[in-house]
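Chain residues, written in single-letter form:
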Protein chains: 2
Amino acid sequence: MKSKDTAISPTRKENYQDWYLEVIKAAGLAENSPTRGSMIIKPWGYSLWENIQSVLDGFFKETGHENAYFPLLIPLRFFQKEAEHVEGFAKECAVVTHHKLEMDDAGKLVPAGPLEELYIIRPTSETIIGDAFSRWVQSYRDLPLLINQWANVMRWEMRPRLFLRTAEFLWQEGHTVHSTSAEAVEETLQMLDIYEKFAKEYLAIPVIKGQKTPDEKFPGADTTYTIEGMMQDGKALQCGTSHFLGQNFAKASEIKFITEEGREEFAWTTSWGVSTRLIGGMIMTHSDDDGLVLPPRIAPVQVVILPMYKNQDDKPRVMEYAQALLQEINSTSYFGGKIRARIDTKEMKGGDKFWNNVKKGIPVRIEIGSREMDQNVLSVGRRDLPARDRLKISKEEFIAQLPQMLEDIHQSIYGKALANLELNTKVIDSFDSFVAYFKDSENSGFASCYGSIESVDQEELQKTLKDLKVSPRCIPLATIEDKGTCIFTGKANQPRIIYARSY
Amino acid sequence: MKSKDTAISPTRKENYQDWYLEVIKAAGLAENSPTRGSMIIKPWGYSLWENIQSVLDGFFKETGHENAYFPLLIPLRFFQKEAEHVEGFAKECAVVTHHKLEMDDAGKLVPAGPLEELYIIRPTSETIIGDAFSRWVQSYRDLPLLINQWANVMRWEMRPRLFLRTAEFLWQEGHTVHSTSAEAVEETLQMLDIYEKFAKEYLAIPVIKGQKTPDEKFPGADTTYTIEGMMQDGKALQCGTSHFLGQNFAKASEIKFITEEGREEFAWTTSWGVSTRLIGGMIMTHSDDDGLVLPPRIAPVQVVILPMYKNQDDKPRVMEYAQALLQEINSTSYFGGKIRARIDTKEMKGGDKFWNNVKKGIPVRIEIGSREMDQNVLSVGRRDLPARDRLKISKEEFIAQLPQMLEDIHQSIYGKALANLELNTKVIDSFDSFVAYFKDSENSGFASCYGSIESVDQEELQKTLKDLKVSPRCIPLATIEDKGTCIFTGKANQPRIIYARSY
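Here's what I pulled together on the structure shown here. (Residues numbered from 1 in each chain as written. Chains lettered and ligands numbered in written order. Predicted model: local features only at pLDDT ≥ 70, side-chain atom pairs only at ≥ 80, totals over all residues. Heavy atoms only, no water.)

Here we look at the interface of chain A and chain B
If you look at the interface, chain A gives 66 residues, while chain B gives 66 residues. Of all residues in chain A, the largest losses of buried area upon contact with chain B belong to Pro34(A), Tyr69(A) and Leu101(A), amounting jointly to 13% of the total for that side. Across the chain A-chain B interface, the total number found is 4 salt bridges. A salt bridge links Arg135(A) to Glu31(B); its shortest N-O distance comes to 2.6 Å. Seen at the junction of chain A and chain B, the total is 32 residue pairs in polar contact (both at pLDDT 80 or more). Partitioning the side of chain A that touches chain B into residue classes produces 39 nonpolar, 11 polar and 16 charged. The pairing of strand E5 (residues 95–103) of chain A with strand E5 (residues 95–103) of chain B spans 3 bridges and is antiparallel. Within the sheet, the bridge partner assigned to His98(A) lies in E5(B) and is Val95(B). (Contact = heavy atoms within 4.5 Å. Buried area = accessible area lost by both parts, 1.4 Å probe. Salt bridge = Lys/Arg side-chain N within 4 Å of Asp/Glu carboxyl O. Polar contact = N/O pair within 3.5 Å; in protein donor to acceptor, adjacent residues only side chain to side chain. Nonpolar A, V, L, I, M, F, W, Y, C, P; charged D, E, K, R; others polar. Pairing = 2+ DSSP bridges. Helix = DSSP H or I, 4+ residues; strand = E, 2+ residues; numbered from the N terminus.)

This is the structure in structure tokens:
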């Protein structure tokens, strides 16, 4: 390992896509499964998801949401209720047609018990949850209804990619019902803010908050809001979406309520979700040619202690020291909790053990052996700095500085990602510059330009964009009032849109 | 409500099955869904599952297990690898045969994209996890491998019943790999002990730990261990199982390892699980004719404050008092954590609000209104005592006594359940007494008698048992060495078996 220059091969420059898969493999985050398009999330990857769940679940509950659980299988007739919705998902639905298996004459297992009513595995749950809500909501007193579900969903993907695009993925889907349009919009934007806060403050991913153009919105939504991150190769990743559904699903599912004045009205609904895709975004935002780099606030292990002993005689003394150090670290606080540390007790060569923990992305590594103990120093490595750089520091100083060190790592990787986003976002004012920008593959990033949002123009525009493999990512909320002449159609009074290649 | 004698109708005596469903409905725990056999777990029910997950997950992690996530869909060819396993689950498998939908000429959505490889929705995951394990395990150094998964599973049920038996249910499934048979057996029994501890100490359900008879074991297991609870109608509920799988699945999935001595051997595996069924068990063990009774240690809300004001002028004063009381309660500790309390702020009539909280099963209710405030007393109700009984107690005394009060409630409902189990377990020494015992429907409960465990005899025995609707529940571990003459076959040297009707 040490003979090579980097722990991961290929490097980002050599082949970004293969590098991504190698980072995942080397960290033991996930792997492909024999089920087409579905991944196995390994313990290290799943512990990241557990931390993501725990933080977001806290945010959801603080804002008054409750968790519930709805069926995995959606009757086909429900799915059919909202026309745009069907069109959006019909091409990627797994269909359940039988409820048992039988042996045929050749001794082969075959489906039996054909179902009278067919089911699809939920690609998202608006229709089945809407049906329940139509029973739960009767009066304005029942509103707002604020529900979240943690679940697996399935969208049959033709080109799956670990974490970013898998047939089955894990997510949360919020579904809320309100008595007014304004309140539903407020909820939609509140959840978008929560996603942005989570991306920035926990995953250290800077994101652009924006509104999807009409053709890119969720099938059945009035408005879709998104947070878009920029990966290290300049491509966009949609990290989370929040939908204002208007009365579309309320009408499809008959969610009505009696107002305070005694009128019967359709309710206003929202839905919003983030998924295991966030883990892919985190990997692509921070990792380097030595492997995974974990943001400290979400890292399952923030500090790892590597006992280095040359022989078994040394071991008890080193382990005893490591145990005492572990206790001290575990009783130190960072970002509202005790620091999560562990000792790597695996029996392997020192170098392998060292690189193993680099590749797992643990923010702070401490190597201790007889020499360090004799000198009362720790040899400390930070994952945001070159792996071979070690700081020699006394144990007392280290403990005192550790919370700030973790904070520095968070700020440093966030800062790097923000610089990447800012340096690779270009304001473009002409069609020719737009084409030139995206044709130069060295130059990949975000283009910010006035663009038409009319569907009819989009269709024309799609051809150009398709050739360039570029799509409109969002209308950033920060500049939503900034209007100008569309560089594609010449139409006046159009908003600034971020265009980019994307995952 | 108050005009009736009980809040739930029918009562347990009148119709136990309908009573059970009414308790669930009145507490807002769950409801049937339009998806055949699948339930919707409502927020109050789901919060119970969240607490169950949180405690068990802690126990699993303390004993060295890590969580991971495997595909929902299992390729048919995997499922086929273990013959007994297929036979056990083939009759209740949902089969996925297509991966998209199309409109037919009549404008009807129909399945399209037939799959070359068919999938079943996991009824349990031994086969797909076993395949992953065959790749993860190479050497004795990789062992033990201790994995758990929180997931939804599906077994097509012909007679679904909320929580107890639903087509889709939520559960955890532990899967472990070991280098020796002894270690795998030890793991199997360790997890059984954890289940027993959880049932007793958190759900307040006394259970009998035992071994399943050969014909009742998990399809593919060498030995299945179980914890069996007794519901209030004397029927048994299997609350959790832990399976020693021997080398059966290791052979089917080729899980092999190189021993320290360099030999290649098949590994030894276990699996163990509990599900949302535990919630059904908890309901049936403790609830009464006024509705749900929640064990304090698992209750999402342990104390509810009911502000009672006659008019809106009174409200601010009462609410302020309630808020202050809430803070005091929330900073008091019970069973290793802060007490979970909340104020019921719903605008409804006092009587309705009162009964609503009784039916939700909250262990301690506090009513406060102007009168109580003037006298500096609280009106306190315990869910394990008759709903109309209130204790008048000063606020200071209440706060001081609250932890003990919650503990008393736990002990009291556990004690009642234990008495039910002990009083309705009868040692039976002859075939005639056995038949008489189960024919007298007033007399339902557990029968403990020497029974043959030989499969061939079981088949004969099955006829008798089937007529009586009775099944062997387990060979209790506590008496496993106690052998005698089978009351059914006259065969000597057979163990004591618990027979009962069951859910």
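Concerning the sheet that holds strand E18 (residues 341–343) of chain A
All names here are of chain A. A sheet is described by the order of its strands in space; here 5 strands give the open sequence E18-E15-E19-E20-E21, paired in mixed fashion. The two strands at the open ends of the sheet, each matched to only one other strand, are E18 and strand E21 (391–394). The sheet shows a mean angle of 30° between the axes of neighbouring strands, direction not considered. Direction of pairing for strand E15 (residues 303–307) relative to E18: parallel, over a ladder of 3 bridges. (Axes fitted to C-alpha atoms, helices over the stretch in contact; angles between N-to-C directions.)

What to know about helix H2 (residues 43–62) of chain A
Residues and elements named next belong to chain A. Here H2 spans 28 Å end to end across 20 residues, near enough to the 28 Å set by a 1.5 Å rise per residue. With 15 of its 20 residues buried, H2 lies for the most part within the structure. Residue glycine 64 follows H2 closely and has a positive phi angle near 85°. (Expected span 1.5 Å × (residues − 1). Buried < 20%, exposed > 50% of the residue type's maximum accessible area, 1.4 Å probe, protein only.)

Quick notes on the pattern of salt bridges
Within the structure shown, the criterion is met by 58 salt bridges over all chains. With a shortest N-O distance of 2.8 Å, Lys212(A) and Glu228(A) are connected by a salt bridge. Taken together, the residues Lys212(A) in the loop between strand E9 (207–211) and strand E10 (223–230) and Glu228(A) in strand E10 connect sequence positions 16 residues apart. Across the pair, Glu228(A) and Lys212(A) agree in class, each one buried. Salt bridges sharing common partners tie together Glu31(A), Lys42(A), Asp131(B) and Arg135(B).

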